[in-house]
Amino acid sequence: IKIKKADLCGTKFDFGEWKGVNLSLLGTYQPRNAAVVLTAVEKLREGGFDIPDTAVFSGLEEAKWMARFEIIGKNPTVIFDGAHNAEGISAARKSIEAYLGKKDVIVVSGVLRDKEYEKIAADIAAVSKEVYTISPPSPRAMSAADYAEVLRKKGAFATPCHSMSEAISLAKKSAKKQKKHVFILGSLYIYAEAISAVVE
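Below is a summary of the structure that appears in this document. This one's a predicted model, so the numbers in the text were calculated from it and none came from an experiment. (Residues numbered from 1 in each chain as written. Predicted model: local features only at pLDDT ≥ 70, side-chain atom pairs only at ≥ 80, totals over all residues. Heavy atoms only, no water.)

Quick look at the environment of A63
- Tracing the backbone through its elements, the reader meets A63 in the loop between α2 (53-62) and β4 (70-73).
- Overall, A63 belongs to the partly exposed group, its relative accessible area being 25%.
- Spatially, the C-alpha atom of A63 lies 7.6 Å from that of L23, the residues being 40 residues apart in sequence.
- Beyond its immediate sequence surroundings of up to four residues, A63 is in contact with S24 and L25. (Helix = DSSP H or I, 4+ residues; strand = E, 2+ residues; numbered from the N terminus. Buried < 20%, exposed > 50% of the residue type's maximum accessible area, 1.4 Å probe, protein only. Contact = heavy atoms within 4.5 Å.)

Take a look at the structure:
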């Protein structure tokens, strides 16, 4: 895979005979996923399937994956990623560093107590010094206050919030002032609430 361009507008890459593939999905791991698709297309063609290049190119360019490194707001840019385990958060961290740089995001996050929240908090603190915590709507949720304390121990300045609306409001206000981006992650349970809060 040869990456030609990668930013918040998408990715352009080459893969074997496939040149100038435009991918709308964000995340440094998505070109690898797309390469699997392209390999599958080649195998299907070998099996007799008629799959036009135009269909492949347009399909990848128009593909959408809600709650996976999805831009859900602008001014400031607000991105949601449903990563909710240590592996997913680690992948999100790499993408944040690649697209936005270290310490250039303000994070809103909530986690469940049965996840590896220590590892999750360490990755979040590595890319953001300012975090607003919430309690996901689940009986398995870690409280915003407890989660904030874990993040503080990892080096982040964390503020527990009573609601997603409060957390996003504070994060957006701070992001505008500092010309940073807002990144929401840690639980798929908070997606719908995050969408509503961003458009308020």
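Considering the packing of helix α4 (residues 117-127) against helix α5 (residues 144-153)
- Their axes nearest at 9 Å, the elements α4 and α5 cross at an angle of 60°. The angle between the axes of α4 and α5 places the two elements in the oblique class. The two elements α4 and α5 meet at a crossing, and its hand is right-handed. Contacts between α4 and α5 pair Y117, E118, I120, A121 and I124 from the former with Y147, V150 and L151 from the latter.
- Along the lines of polarity and charge, the residues of the contact of α4 with α5 split into seven nonpolar, no polar and one charged. (Axes fitted to C-alpha atoms, helices over the stretch in contact; angles between N-to-C directions. Parallel < 35°, antiparallel > 145°, perpendicular 65-115°, else oblique. Left-handed = near helix turned anticlockwise from the far one by under 90°. Nonpolar A, V, L, I, M, F, W, Y, C, P; charged D, E, K, R; others polar.)

Structural notes on the packing of aromatic side chains
- Under the definition given, this model contains four aromatic pairs.
- Pairing F80 with Y191 gives two aromatic rings, centres 5.0 Å apart and planes at 70°, and the pair type is edge-to-face. One end of the pair, F80, is in strand β5 (residues 78-81); the other, Y191, is in helix α7 (residues 191-199), and 111 residues separate them in sequence.
- Among the residues examined, F80 registers a relative accessible area of 0% and is labelled buried.
- Taken together, the aromatic side chains of F69, Y99 and F183 make up a single cluster linked through ring pairs.
- The positively charged end of R68 is found above the aromatic ring belonging to W65, 5.5 Å away from the centroid. (Phe/Tyr/Trp six-rings, centres within 6.5 Å; stacked < 30°, edge-to-face > 60°. Lys NZ or Arg CZ within 6 Å of the ring centre and 35° of its normal.)

Section: the side chain of S95
- In this structure, S95 sits in helix α3 (residues 86-99).
- In this structure S95 comes out as buried when scored by relative accessible area, which is 0%.

Observations concerning helix α6 (residues 164-178)
- Here α6 is 15 residues long and its end C-alpha atoms lie 21 Å apart, about the 21 Å a rise of 1.5 Å per residue gives.
- Listed as buried for α6 are M164, A167, I168, A171, K172, S174 and A175.
- As for α6, its buried residues are in contact with β5, β6 (105-109), β7 (130-133), β9 (181-185) and α7. (Expected span 1.5 Å × (residues − 1).)

Things to note about the sheet that holds strand β1 (residues 2-7)
- Taken in spatial order, the three strands of this open sheet run β1-β2-β3, and their pairing is antiparallel. Single-partner strands in this sheet number two, and they are β1 and β3 (18-23). Neighbour-to-neighbour, the strand axes of this sheet turn through a mean angle of 10°, independent of strand direction.
- The pairing of β1 with strand β2 (residues 10-15) spans five bridges and is antiparallel. If you follow K5 over to β2, its bridge partner there is K12. (Pairing = 2+ DSSP bridges.)

Notes on the packing of helix α1 (residues 30-46) against α2
- The N-to-C vectors of α1 and α2 enclose an angle of 160°; their axes lie 12 Å apart at closest approach. The angle between α1 and α2 falls in the class roughly antiparallel. When you trace α1 past α2, the crossing you get is right-handed. The segment α1 lies against α2, with A34, V37, L38, V41 and R45 engaging D53, V56 and L60.
- Of the residues belonging to the contact of α1 with α2, the class tally is six nonpolar, no polar and two charged.

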